[in-house]
Amino acid sequence: MLKTARAAFAALLLACAMVLAGPLTAAAPTGKPEDVGLSSERLKRVAELVQRHVTAGSFSGAVTLVARHGRIAYHEAQGVMDLETKKPMVKDGIFRIMSMTKPVIGVAILMMMEEGKVRLQDPVSKFVPEWKDMTVAMPLPAAAGARAGGPAPAGRAGGPPEPRYYTVPIEREVQVRDLLTHTSGVVSGTVSNFASRAVAAGPRDTLADFIPRLGKVPVEFQPGTRWAYSAAAGFDVLSRIVEVASGTPIDRFVKQRIFDPLEMKDTSYIVPTGNPRLVKLYTRSPEGLRPGNDPNFMNGVYFSGGGGLVSTATDYAQFALMLVNGGELNGVRLLSPRLVELMGSVFAPDTLPGRPKGESYGLSVRVVNDPVARNSFVSEGSFGWSGAFGTHFWVDRKEKLIAVAMTQTSNQEFLRDFENMVMQAVVGGTAPRSTGTN
């Protein structure tokens, strides 16, 4: 009896220790930078870059991570999680990753493609019948708008005038490929953003409630004719397609098929309010950083494919390492190498209206097709994406390198400089240095 009681007490102590220590997260093995062809001295410039921005008030703090050949060679936390309490940033800080949700949904769609349940050329109406007869918005010039119905009314709260437009039939249906590459025109411009207000998701709406209604909103242009970012709606539609094709709600699908296999224990659609590792959100103002609010759609009911996830640098590194490794990590394969290659291929070239020079678009990710034209150090073919609150990642298959940066304040200048600071630290070849003996 005494033995049993002692064993139970020991188990209780272990459980308490695990709770106090926080969740156990499987991470890639660590290694010295020089063992994977990186310079320790040059990687210090990453920390110097972060510190400059913290000092300047660009953001409160950041977590940065670099891995090469499957080993984490750099992982640092700097600044604070909360300006009011001055709590130091922690390496396993939890961040709202916003649009870095999109590549996760991209992988979910690619999984459905591998199973033959979804095709790139499939029309959305195959999964959401209400998308069958859509229209395209055609803006009216200001003078024509006045002749058609008087002066354009002022926007809400004295904002810009509401756009005037008419609609024409869509020339071909919106396809899965259009959504993945932001060439669909779905809620991606002045008119479609305005028109989508009439069908906006309510506080208790799910994807199944909202996406059929979205089919009544005219798209911004004929699908495939240009590139324009669909900040949320396009990937919300893709999330609904995954739900229909798989028969599983998107939050359960990504957990069961992506997060659990990759042991991404802190990645979720539920903002962990009250968790001491949740990093505070800030917005920039002339007076400095001000506390921000979670977007309305992060409500635990509507699981946005456009930007609903929270994650950590270590968790997202697992996802990126799976991609740089051709779809497999730690003996678990999520995608075939061919589908990962397809994901990072050029589908929307930088010659398409709307794309900047040197930067094309693949399936849910930007693809750097010309580093010189882009004025950056990253390798040709590198792919990744960013989040509106200052998160960023990319995958470099040539150098077998991935990098992740997490902040909670938007700062595009920092993200581009972060890329360059990482790449200038690559000094070795593409094979890891052996640590064994002959």
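Cut-offs used in this document
Residues numbered from 1 in each chain as written. Predicted model: local features only at pLDDT ≥ 70, side-chain atom pairs only at ≥ 80, totals over all residues. Heavy atoms only, no water. Pairing = 2+ DSSP bridges. Helix = DSSP H or I, 4+ residues; strand = E, 2+ residues; numbered from the N terminus. Contact = heavy atoms within 4.5 Å. Axes fitted to C-alpha atoms, helices over the stretch in contact; angles between N-to-C directions. Salt bridge = Lys/Arg side-chain N within 4 Å of Asp/Glu carboxyl O. Buried < 20%, exposed > 50% of the residue type's maximum accessible area, 1.4 Å probe, protein only. Lys, Arg positive; Asp, Glu negative; His and termini not counted. Polar contact = N/O pair within 3.5 Å; in protein donor to acceptor, adjacent residues only side chain to side chain. Phe/Tyr/Trp six-rings, centres within 6.5 Å; stacked < 30°, edge-to-face > 60°. Core = buried A, V, L, I, M, F, W, Y, C linked by side-chain atoms within 4.5 Å. 1 Å grid on protein atoms, 1.4 Å probe; cavity = no way out; pocket = protein on both sides within 12 Å on 5 of 7 lines; lining within 4 Å. Points joined across faces, edges and corners; volume = space filled by probe spheres on them. Nonpolar A, V, L, I, M, F, W, Y, C, P; charged D, E, K, R; others polar.

The next point concerns the sheet that holds strand β13 (residues 366-368). Note on sheets: strands pair through backbone hydrogen bonds, and any given pair is parallel or antiparallel. With antiparallel pairing, eight strands are arranged side by side in an open sheet as β3-β2-β1-β16-β15-β14-β13-β12. Only two strands of the sheet have a single partner each, and these edge strands are β3 (87-88) and β12 (359-361). Note that strand β1 (residues 61-68) and strand β16 (residues 401-406) share six bridges and pair antiparallel. Across the sheet, residue Thr64 finds its bridge partner in β16, namely Ala405. On the sheet, helix α2 (residues 40-56) packs against β1 and β2 (71-82) and is oriented at approximately 15 degrees with respect to β2.

Within this structure, the stated rule accounts for 22 salt bridges. The salt bridge partner of Glu399 is Arg68, with a shortest N-O separation of 2.4 Å. One end of the pair, Glu399, is in the loop between β15 (391-396) and β16; the other, Arg68, is in strand β1, and 331 residues separate them in sequence. By the burial criterion, Glu399 is buried, and Arg68 matches it.

This brings us to the side chain of Lys102. Following the sequence through the fold, Lys102 ends up in helix α3 (residues 102-114). Buried within the structure, Lys102 lacks any salt-bridge partner; Asp236 is the closest side chain of opposite charge, at an N-O distance of 7.4 Å. There is a polar contact of 2.6 Å between the side chain of Lys102 and the backbone oxygen of Ala231. In this structure, Lys102 is in contact with His182, Tyr229, Ser230, Ala231, Phe235, Gly305, Gly306, Ser364 and Trp385, ignoring residues within four places of it in sequence.

On to helix α7 (residues 207-214). Inspection of α7 places Leu207, Phe210, Ile211, Pro212 and Leu214 among the buried residues, and these make up the whole buried set. Packed against the buried residues of α7 are α8 (233-246) and α9 (250-259).

Let us look at the packing of aromatic side chains. Evaluation of the coordinates by the stated rule reveals 11 aromatic pairs. Pairing Phe210 with Tyr302 gives two aromatic rings, centres 6.0 Å apart and planes at 70 degrees, and the pair type is edge-to-face. A residue pair is termed long-range when its members are at least 10 positions apart, and Phe210 in helix α7 and Tyr302 in the loop between β8 (288-291) and β9 (310-311) qualify at 92 residues. Overall, Phe210 belongs to the buried group, its relative accessible area being 8%. On the basis of an interplanar angle of 85 degrees and a centroid distance of 5.3 Å, the ring pair of Tyr361 and Trp385 is categorised as edge-to-face. Here Tyr361 is found in strand β12, whereas its partner Trp385 is found in strand β14 (residues 383-387), with 24 residues between them in sequence. Comparing Tyr361 with Trp385, the two get one shared label, buried.

With 92 residues, the main nonpolar core has Trp131, Leu214, Ile241, Ile258, Phe319 and Ile402 as its most contacted residues. In this view, Ile402 contacts Leu65, Val66, Ala67, Ala317, Ala320, Leu321, Val324, Trp394 and Val395; residues no more than four positions away in its chain are not counted. Among the nonpolar cores identified, the runner-up in size contains 26 residues, and Val50, Val66, Val368 and Leu401 belong to it.

Let us look at empty space enclosed by the protein. Inspection of every chain in the model, using the stated rule, returns one cavity of 30 Å³ or more. The space that makes up the largest cavity amounts to roughly 50 Å³. If you trace the largest cavity, you find it lined by Arg366, Val368, Arg374, Val378, Ser382, Phe383, Gly384, Trp385, His392, Phe393, Trp394 and Glu419. At the level of elements, β13, β14 and β15 are the ones that each hand at least two residues to the lining of the largest cavity. Taken together, the residues of the lining of the largest cavity break down into six nonpolar, three polar and three charged.

With that settled, the discussion passes to the layout of surface pockets. Roughly 610 Å³ of internal volume is contained in the largest pocket. As for the largest pocket, its lining consists of 27 residues, and the residues nearest its centre are Phe210, Ala232, Ala233, Asp236 and Phe297. For the lining of the largest pocket, the class distribution of residues is 14 nonpolar, 11 polar and two charged.

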